[in-house]
Amino acid sequence: MNTTISVRVNQQLKKTFLTKTKERWLDWSVLIRYFMEKYNSNPDIVKFDIVENAFDDIFKNEEVKSKLKKISNKLDKLWF
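Residues numbered from 1 in each chain as written. Predicted model: local features only at pLDDT ≥ 70, side-chain atom pairs only at ≥ 80, totals over all residues. Heavy atoms only, no water.

With that settled, the discussion passes to a nonpolar patch on the surface. There is a patch of nonpolar side chains on the surface, built from Ile5, Val7, Val9, Leu13, Trp28, Ile32, Phe35, Met36, Tyr39 and Ile45 and spanning about 960 Å² of accessible area. Examining the composition of the nonpolar patch, we find that five residues originate from one element, helix 2 (residues 28-41), more than from any other. Within the secondary structure, Ile5 is located in the segment before helix 1 (11-23). (Patch = residues over 30% accessible without salt bridge, like charges linked within 9 Å, V, L, I, M, F, W, Y side chains within 5 Å. Areas by Shrake-Rupley, 256 points an atom, 1.4 Å probe, with all protein chains shown as cover. Salt bridge = Lys/Arg side-chain N within 4 Å of Asp/Glu carboxyl O. Helix = DSSP H or I, 4+ residues; strand = E, 2+ residues; numbered from the N terminus.)

Structure, rendered in structure tokens:
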């Protein structure tokens, strides 16, 4: 039994991907299925490095802190 997956992607990303697969005479759907099979057998092939202190740097930014404070004050007025 087959099923369908719909994925939203940036228009340029799609265009470039389809162009590159066509240049290599690959059917893009075969390539996607191949990736899915490989990923299922070994999820570690994809790694996302998340910097743990990334949010710390953002929250140290005075402009961000000011905007968060304004949002917090507005929410306080709405809820209390």
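Right, let's get into the pattern of salt bridges. Within the structure shown, the criterion is met by two salt bridges. Between Glu62 and Lys65 there is a salt bridge, with its nearest N and O atoms 3.2 Å apart. Remark: Lys65 and Glu62 occur in helix 4 (residues 62-79); sequence separation between them is three residues, near one turn of the helix. Between Glu63 and Lys67 there is a salt bridge; the shortest N-O distance is 3.2 Å. One end of the pair, Glu63, and the other, Lys67, are both in helix 4, four residues apart, so they sit about a helical turn from each other. You can call Glu63 exposed: its relative accessible area is 52%. (Buried < 20%, exposed > 50% of the residue type's maximum accessible area, 1.4 Å probe, protein only.)

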